[in-house]
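Residue-level structure breakdown
Residue strings, one per chain:
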Amino acid sequence: MKRWSRRKPRRRAWCCSFAIPPSSPELTSISKSPHKAQPFPKRSVSVPNSPQSAKSGFPIVGRIDPRRILSPGRVSPIDSDPTPSVSQLRSPSFRAPSPPPVADAAALDVKLKLRGKNGGSMVMEVDSEVLEANSEVFAGLIADCKRGGGGATMEVENLGVFSDTIELMFEDDGCITKKLINVGVFRSIDILEVSAGIMFTKGVRCCLKYLEAVPWTEEEEEKLRSLFTRFEFDDATTRDILGRLYLHDSVDSRPNVAQQLVRSITTSEDANARTEMKSLVKGLLCKSSVYEKNHLDLSKEDLFTVCDSCLSSLISLFEEASDTMRPESLITKDTNKPLIERISRQVDNINWLLEIMLDGQVAEDFVDVWARQEKLIKMHDVTSPMIRYELSRVSAILFVAMGTRKLQCPLEARSGLLQAWFGPMLLDFGWLQRCKKGLDMKALEEAMGQTLLTLPLKQQYVLFMEWFRHFSRHGTECPNMGKAFQIWWRRSFLRSSEAVESR
């Protein structure tokens, strides 16, 4: 038996003894409006803190994970089946280690029997004035008990959380805050649910104030977000919490955060910081990201806007590089960064944007854009090999994507890309082998051959013969596409002759 009374100066306001609940008639449960106490015609009540109870018009706590159903003290099972030890189910509690002093028995004028859905139960003898002063739900329930001259039965989802919440009614605001700090954020959210359900205003206020002032884990944030979808709280602290959970600006007034992030990365001059930021932002934007991307969505137009800027910078840098081939000219007057490093940075930016496009399946148009870079193609012929091979790094990403079926584009786009960049790739392959920068050269060789095989046989003939001549002169400095060449040979000659003979 657990007794509760009004708090007196410097002493605990309850005394506790647990026993088997006294027998009482089983009566039907009721529902209650969330804003106004209703008369209680019966003495048995189910605290509506589950979805089933919410259907009856009582917006109380939703079902709590049964793994966290804990009891604050000894409980009496409702049925006779063996149940786990209560000590195994115990969670952080508000109780002091030593038993509290015995309260005045005259003040304990109401008995409440709590029945948990996990099978436990407990009986509370309480000071009705404290409960009536703190909770509209209890005010109506206690009035019904007094009229009936007996106790009342309440069914609750979680005995431990419910008991902890009742204890807070006998404390002032300062003590409530200290106890919330002691049990932590997750338990405090549970207490906030129960406090809101029984209209315990002081408990709700203290919980909200505590939760607003502390950091949350992702699990706690989701739990709190779910709670705020089922309850409405009119308080300045609530607005502060909602400000952390939701972005309330209109869609038109929101800045294009994703575009700003991408542009900042492509203009960064610190290599280490740029690498870290690329990994972070790509993880947020990729399709497999666990994060919601409603406010971080990057449109195709945004990507191509930033990409066009990088291409313009790359063209300017190659124009600068094509003026002279002397190594000492690779340092310009207006910067301390070598020209090679600045070109490599722009190529890295383009390849990073291309990876985002491939993940979002919007890279098809970039194939046409890259195939039409006539200025870069012309400057490739007159630029030092130690610089121009950077352009073939972009072509390599496209060849690998098409050869591994990650990028599908029309025949005209594939044909235009190969006609423009296949020759430069043959020239730069030796430098790509020496400066891989993350490229898988075997995968590139295989992908180039597979991409050529997607063209008509007549176009394959032109490109494979160009490769064969180049390979015969440069050997390992040229990609080895022998396997694809054999496939083209069989398709072009052996099968063609078999088809003629069959006629």
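Relevant structure appears above.
Below is a summary of the structure that appears in this document. (Residues numbered from 1 in each chain as written. Predicted model: local features only at pLDDT ≥ 70, side-chain atom pairs only at ≥ 80, totals over all residues. Heavy atoms only, no water.)

A tally of helices and strands in the protein yields 21 helices and six strands. Across the 503 residues that make up the protein, the buried fraction comes to 47%. Across the protein, every contact between residues at least 6 apart in sequence was considered, and the portion connecting residues at least 24 apart equals 71%. Here the protein has roughly 25800 Å² of accessible surface; of this, 52% comes from carbon and sulfur atoms. (Helix = DSSP H or I, 4+ residues; strand = E, 2+ residues; numbered from the N terminus. Buried < 20%, exposed > 50% of the residue type's maximum accessible area, 1.4 Å probe, protein only. Contact = heavy atoms within 4.5 Å. Areas by Shrake-Rupley, 256 points an atom, 1.4 Å probe, with all protein chains shown as cover.)

For helix H14 (residues 339-359), which comprises 21 residues, the first-to-last C-alpha distance of 31 Å matches the rise-based estimate of 30 Å (1.5 Å per residue) to within 8%. Taken across its 21 residues, H14 has 15 buried, putting it largely inside the fold. Positive phi shows up at Gln361, right after H14, with a value of about 55°. (Expected span 1.5 Å × (residues − 1).)

A few words on the nonpolar core. Buried together is how nonpolar side chains tend to be arranged in soluble globular proteins. If you look at the biggest cluster of nonpolar residues, it comprises 72 residues, and the most contacted ones within it are Phe366 and Trp370. Top contributing element to this core by residue count: helix H13 (residues 300-321), with eleven residues. Filtering out sequence-adjacent residues up to four positions away, Phe366 remains in contact with Phe304, Cys307, Ile350, Leu354, Met357, Val394 and Leu398. Among the nonpolar cores identified, the runner-up in size contains 48 residues, and Leu141, Val156, Leu180 and Ile241 belong to it. (Core = buried A, V, L, I, M, F, W, Y, C linked by side-chain atoms within 4.5 Å.)

Judged by side-chain polarity, Trp489, Phe493 and Leu494 come together as a nonpolar surface patch covering roughly 300 Å² of accessible area. Along the chain, Trp489 falls in helix H21 (residues 482-502). With relative accessibility at 42%, the residue Trp489 sits in the partly exposed group. (Patch = residues over 30% accessible without salt bridge, like charges linked within 9 Å, V, L, I, M, F, W, Y side chains within 5 Å. Salt bridge = Lys/Arg side-chain N within 4 Å of Asp/Glu carboxyl O.)

Direction vectors running N to C along helix H18 (residues 411-434) and helix H19 (residues 441-452) enclose 160°, while the axes themselves pass 13 Å from each other. Classified by the angle their axes make, H18 and H19 are roughly antiparallel. The two elements H18 and H19 meet at a crossing, and its hand is left-handed. From H18, Leu418, Phe422, Met425, Phe429, Leu432 and Gln433 reach across to H19, where they touch Met441, Leu444, Glu445, Met448, Thr451 and Leu452. (Axes fitted to C-alpha atoms, helices over the stretch in contact; angles between N-to-C directions. Parallel < 35°, antiparallel > 145°, perpendicular 65-115°, else oblique. Left-handed = near helix turned anticlockwise from the far one by under 90°.)

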